[in-house]
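# Remarks on the overall topology
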Amino acid sequence: MEKEKKKSVTVIDNQTGKKFEFFIKHGSSGPSVVDFSTFYSKTGMFTYDPGYTSTASCQSAITYIDGEKGKLLHRGYAIEDLANNSDYPEVCYLLLNGELPDENQKEKFRGILTNHTMLHEQILRFYSGFRRDSHPMAIMVGIVGALSSFYSEKNYDFSSIEGQWVAVSRLLAKMPTIAAIAYKYSLGQPFIYPKNELNYSENFLHMLFSTPCGEYHPSLARVEALDKLLILHADHEQNASTSTVKMAGSSGANPFACVAAGVASLWGPAHGGANESVIRMLYEIEKEENIKEYIDKAKDKKDPFRLMGFGHRVYKNHDPRANVLRKYCYSLLEEIDSVNYPLLKLATKLEEVALNDKYFISKKLYPNVDFYSGIILKALGLPESMFTVIFTVARTVGWISQWKEVNENQTTKISRPRQLYIGKDERAFTKLRDRNRTSKKKMFPGTVLGRLFQT
Ligand code: CMC
C-alpha cells in the first residue's frame, strides 16, 4: 500500500535559493501547525513571533477555543452546557481528569477538596507581614509562593502521580481560604475558618462575608452566580498566566511556586484586571444622562477611551462565557436592592445603548465575560481590588491541570525561547580611567536614573 505523503510547507531563502521542508501537524480541531522545531538546525535562523500571535507553544487536550464561532470547549464539552448543568468542582474534575465524574467520583473529589481547605496556622502569620493596605493580589502572590515551603521537594516527589495530586488537591482546596483571608486582612476583620459541610462556592462566600458576630447565609442566586463565574473562568487555553505557570514548571520548579508566578501574571490589567476597569468606568460615567457622551468617546478614533467590557481579541462574534454569565447576572440583580443598585442599573442601561448602537453592531463589539463578572462581583459586595483575586481562585484549576499535563508528558523540554539581538556587536573592554573621556552619551536619557547620573 502506498504510504500517504506527509503534508509540509517549504520555506525558500530568497538570498541563497535554498529550500527547507517543514511538516504540518494536525490537531483534532482548529488550525494545523507547521512544526518549526528543526527550523534553527536546518536554516541557522530563528522564527520571530513576539507575543506568540501565530505560535502554538505546545499541544494540549484540555481546552479548545474557536474565536470566530464563539466556541469554548473543555475536554470536548461546550462551556454553556457545563455552566448550565454542573458545578465548579465537577468542572475541576473534568479539566484535571478528562472525563466528568460519576456520583462516587464526585463525592470522593468533594472530600479531597473539603479535607484540605484549612491553612497551616504558621501560614496565617505571613499575612501580618503585609502592609495593611496591600493589594490583595500582592498577598496572593506571597502566600501561594510561601506554600512551596510547606510542600517542598524534601517531602514530596512532584514528578510522581501521588506528588502531583498533593499539589492539585492542596491548591484547589486552599485557594478560596487564602483569598478570603487576604480580604479579611484588608478589612481588619478576624479570619473565618472554612466549613466542610458547605459546598465550594457557599464555603467561599462564608469565609468572605461571615464574621464571628454573625454567620452569612447567601441566597441561591448569590451562590449560583459565584459558582458560574468560577466555571466560566476555570480555563482558557494557553493564556498569559497559564503559559507563565507552564514555563516556570518546565524547569522542574516547585508547583506552588509556579502557580505563584501565574498569580503574578494574572494580576496585570491586560489579563485579569479588565472586570475592575468595567466598574471604574461605570463610576466615571456616573449617571444615565452621561452614557451618550461616553459612547461617543468610545467611537471617537482620536480619543483613547474604549468601552470596557466590550470586544475581545479571540472571540470575534460573541463571547460564549458572557452569554451564560448575563443570565446569572440578571437573576442576581433582580434580587439586589442595595446602595450599589444605581451603578448596576447604569450598567444594564449602558449595555442596552451599546448593543443598539450602529458602531458597536458593525464592529461586532459585544459585552465580554468581564462586563458581567465585574457587575456580579460588585453585586456580591466585593470591592474592585478583590475581582482579580476571585479570578485567581477560578483559574487555579486551569493552571494546575495544564501543569499536570506537561508533567505527564515526559518528553517536554525546558521552555527556552531565543531572541533577535539588536544590541552592540562584540567590542573591546574600556578601562575605567579611559571611560570618562570616551562616554559623551547621556546615561538613561529622560528618566529619573538619567537625572541621577547627570554630572
Ligand atoms: N470600545 C470601542 N471600540 C472598540 C472596542 C471598545 N471596547 N473594542 C474594539 N473597538 C474597535 C477598535 O477601535 C477597532 O476599530 P477600527 O476597526 O476602527 O480600528 C475595532 O473595534 C476592532 O478592535 P481591535 O482593537 O482590532 O480589537 P483587538 O482584538 O485588538 O482588541 C480588546 C480586543 C479586548 C483589547 C478590545 O476590544 C478592548 O480594548 N476592549 C475593552 C477592554 C476589555 O473589555 N478587555 C477585556 C477583554 S476579555 C479578557 C479575557 O478574555 O479574559
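Predicted model only: the values in this text are computed from it and were never measured. Here, residues in each chain are numbered from 1, in the same order as that chain's written sequence. It should be noted that, the model being predicted, local features are given only for residues of pLDDT at least 70 and side-chain atom pairs only at 80 or more, the latter also being counted only at that level, while totals for whole chains, interfaces and linings use all residues. As a rule here, side-chain values come from all non-hydrogen atoms in the structure, and water together with hydrogens is ignored.

## What to know about the sheet that holds strand 5 (residues 71-74)
Two strands form a pair only when DSSP identifies at least two bridges running between them. Segments assigned H or I by DSSP are reported as helices when at least four residues long, segments assigned E as strands when at least two residues long, and all are numbered from the N terminus. Taking strand neighbours across the sheet as the criterion, the three strands line up as 4-5-6 in an open arrangement whose pairing is antiparallel. Each edge of the open sheet is held by one strand with a lone partner, namely strand 4 (63-66) and strand 6 (77-78). Relative to strand 5, strand 4 runs antiparallel, the two sharing four bridges. Bridging across to strand 5, aspartate 66 finds its partner in lysine 71.

## Points about the pattern of salt bridges
A side chain of one charge can pair with a side chain of the opposite charge if their charged atoms are brought near each other. Between Lys or Arg on one side and Asp or Glu on the other, a salt bridge is scored when a side-chain nitrogen of the former is within 4 Å of a carboxyl oxygen of the latter. Taken as a whole, this structure holds 16 salt bridges when the rule is applied. Where aspartate 133 meets arginine 131, a salt bridge forms, and the shortest distance between an N and an O atom there is 2.8 Å. With a closest N to O distance of 2.8 Å, lysine 195 and glutamate 215 form a salt bridge. A residue pair is termed long-range when its members are at least 10 positions apart, and lysine 195 in the loop between helix 7 (161-187) and helix 8 (200-209) and glutamate 215 in the loop between helix 8 and helix 9 (220-232) qualify at 20 residues.

## Let's talk about the packing of aromatic side chains
Centres within 6.5 Å make a pair out of two Phe, Tyr or Trp rings, where for Trp the six-membered ring is used; the pair is then stacked when the planes are under 30 degrees apart, edge-to-face when over 60, and tilted otherwise. The final tally for this structure, using the stated rule, is 19 aromatic pairs. Measuring from centroid to centroid gives 5.1 Å for phenylalanine 36 and phenylalanine 39, while their planes differ by 80°, and the two rings are edge-to-face. Classification of phenylalanine 36 by relative accessible area gives partly exposed; the value is 34%. For each residue, the accessible area found with a 1.4 Å probe, counting protein chains only, is set against the maximum for its type, and the residue is called buried under 20%, exposed over 50%, and partly exposed in between. Phenylalanine 39 sits in the buried class, given a relative accessible area of 9%.

## Quick word on the pairing of strand 5
Hairpin connection, strand 4 to strand 5: the antiparallel pair is bridged by four residues, and glycine 70 has positive phi, about 65°. In the sheet, strand 5 pairs with strand 6 via two bridges, with the strands oriented antiparallel. Residue pairing across strands places histidine 74 opposite tyrosine 77, the latter belonging to strand 6. The antiparallel hairpin formed by strand 5 and strand 6 contains two residues in its connecting segment, where arginine 75 sits at a positive phi of about 50°.

## Looking at the side chain of threonine 114
Note that threonine 114 resides in helix 4 (residues 103-115). Overall, threonine 114 belongs to the buried group, its relative accessible area being 15%.

## Notes on a nonpolar patch on the surface
Residues enter a patch when their relative accessible area is above 30% and they make no salt bridge; the linking distance is 9 Å between like charges and 5 Å between nonpolar side chains (Val, Leu, Ile, Met, Phe, Trp, Tyr). Where accessible areas are quoted, they stem from the Shrake-Rupley method and a 1.4 Å probe; at the residue level, only the protein chains shown are allowed to cover. A contiguous nonpolar surface patch, about 410 Å² in accessible area, is contributed by Met443, Phe444, Leu449 and Leu452. On the secondary structure map, methionine 443 appears in the loop between helix 19 (432-438) and helix 20 (448-453). Among the residues examined, methionine 443 registers a relative accessible area of 45% and is labelled partly exposed.

## Details of the site of the ligand
Residues are classed as near a molecule or strand on a simple rule: at least one heavy atom within 4 Å of it. Surveying the vicinity of the ligand reveals 18 residues, the closest of which are Arg306, Leu307, Gly309, His312 and Lys316. Separating an oxygen atom of the ligand from a side-chain N or O atom of arginine 321 is a distance of 3.0 Å. Alone, the ligand offers 940 Å² of accessible surface; in the complex the protein occludes 70% of this. Polar here means any residue other than Ala, Val, Leu, Ile, Met, Phe, Trp, Tyr, Cys and Pro, which are nonpolar, and Asp, Glu, Lys and Arg, which are charged; Gly is therefore polar. Taken together, the residues of the shell around the ligand sort by class into seven nonpolar, four polar and seven charged. As used in this structure description, the phrase polar contact means that two N or O atoms lie within 3.5 Å; if the pair is within protein, one of them must be able to donate a hydrogen and the other to accept it, and residues adjacent in sequence are counted only when both atoms belong to side chains.

## Details of the sheet that holds strand 3 (residues 33-34)
Ordered by their spatial adjacency, three strands build an open sheet running 1-2-3, and the pairing between neighbours is antiparallel. Of all strands in the sheet, those bounded by a partner on one side alone are strand 1 (8-12) and strand 3.

## Re the environment of lysine 174
Its place among the elements puts lysine 174 in helix 7. Placed 76 residues apart in sequence, lysine 174 and glycine 98 show a C-alpha to C-alpha distance of 22 Å. When checking whether two residues touch, look at their non-hydrogen atoms; a contact exists if any pair is within 4.5 Å. Contact partners of lysine 174, with chain neighbours within four places excluded, come to His116, Thr117, Met118, Leu119 and Tyr151. Looking at lysine 174, its side chain comes within polar contact range of the main-chain oxygen of histidine 116, at 2.9 Å.

## Here's the deal with the environment of tyrosine 151
Structurally, the position occupied by tyrosine 151 is in the loop between helix 6 (136-150) and helix 7. The sequence separation of tyrosine 151 and cysteine 58 amounts to 93 residues, and the corresponding C-alpha distance is 28 Å. If we ignore the near neighbours within four places in the chain, the residues touching tyrosine 151 are Tyr156, Phe158, Val166, Arg170, Lys174, Asn254 and Phe256.

## Notes on helix 11 (residues 255-267)
Here helix 11 contains 13 residues, and its C-alpha end-to-end distance of 19 Å stays within 8% of the 18 Å for a straight helix at 1.5 Å per residue. Regarding helix 11, the residues found buried are Pro255, Phe256, Cys258, Val259, Ala260, Gly262, Val263, Ser265 and Leu266. Residues of helix 11 that are buried make contact with helix 6, helix 7, helix 10 (240-249) and helix 18 (387-408). Its side-chain oxygen 2.8 Å from the backbone nitrogen of phenylalanine 256, asparagine 254 forms the N-cap of helix 11. Working rule for helices: expected span equals 1.5 Å times residues minus one.

## Considering unusual backbone geometry
You will see that arginine 75, though not glycine, has its phi angle at about 50°, which is positive. Inspection of the secondary structure puts arginine 75 in the loop between strand 5 and strand 6. Of the residues examined, arginine 75 reaches a relative accessible area of 23% and is grouped as partly exposed. Unlike most non-glycine residues, glutamate 237 shows phi in positive territory, near 60°.

## Thoughts on the packing of helix 7 against helix 8
What counts as an axis is a line fitted to C-alpha atoms, over the stretch in contact for a helix, and the angles between N-to-C directions run from 0 to 180 degrees. Contact geometry of helix 7 with helix 8 gives a least axis separation of 8 Å together with a crossing angle of 20°. Relative to helix 8, the element helix 7 is oriented roughly parallel. The handedness of the crossing between helix 7 and helix 8 is right-handed. Facing Leu172, Pro176, Thr177, Ala179, Ala180, Tyr183 and Lys184 of helix 7, the residues of helix 8 in contact are Tyr200, Phe204, Met207, Leu208 and Phe209. In this scheme, roughly parallel covers angles under 35 degrees and roughly antiparallel covers those over 145, while 65 to 115 is roughly perpendicular and the rest are oblique. Crossing handedness follows the turn of the near helix against the far one: under a right angle anticlockwise gives a left-handed crossing, and clockwise gives a right-handed one.

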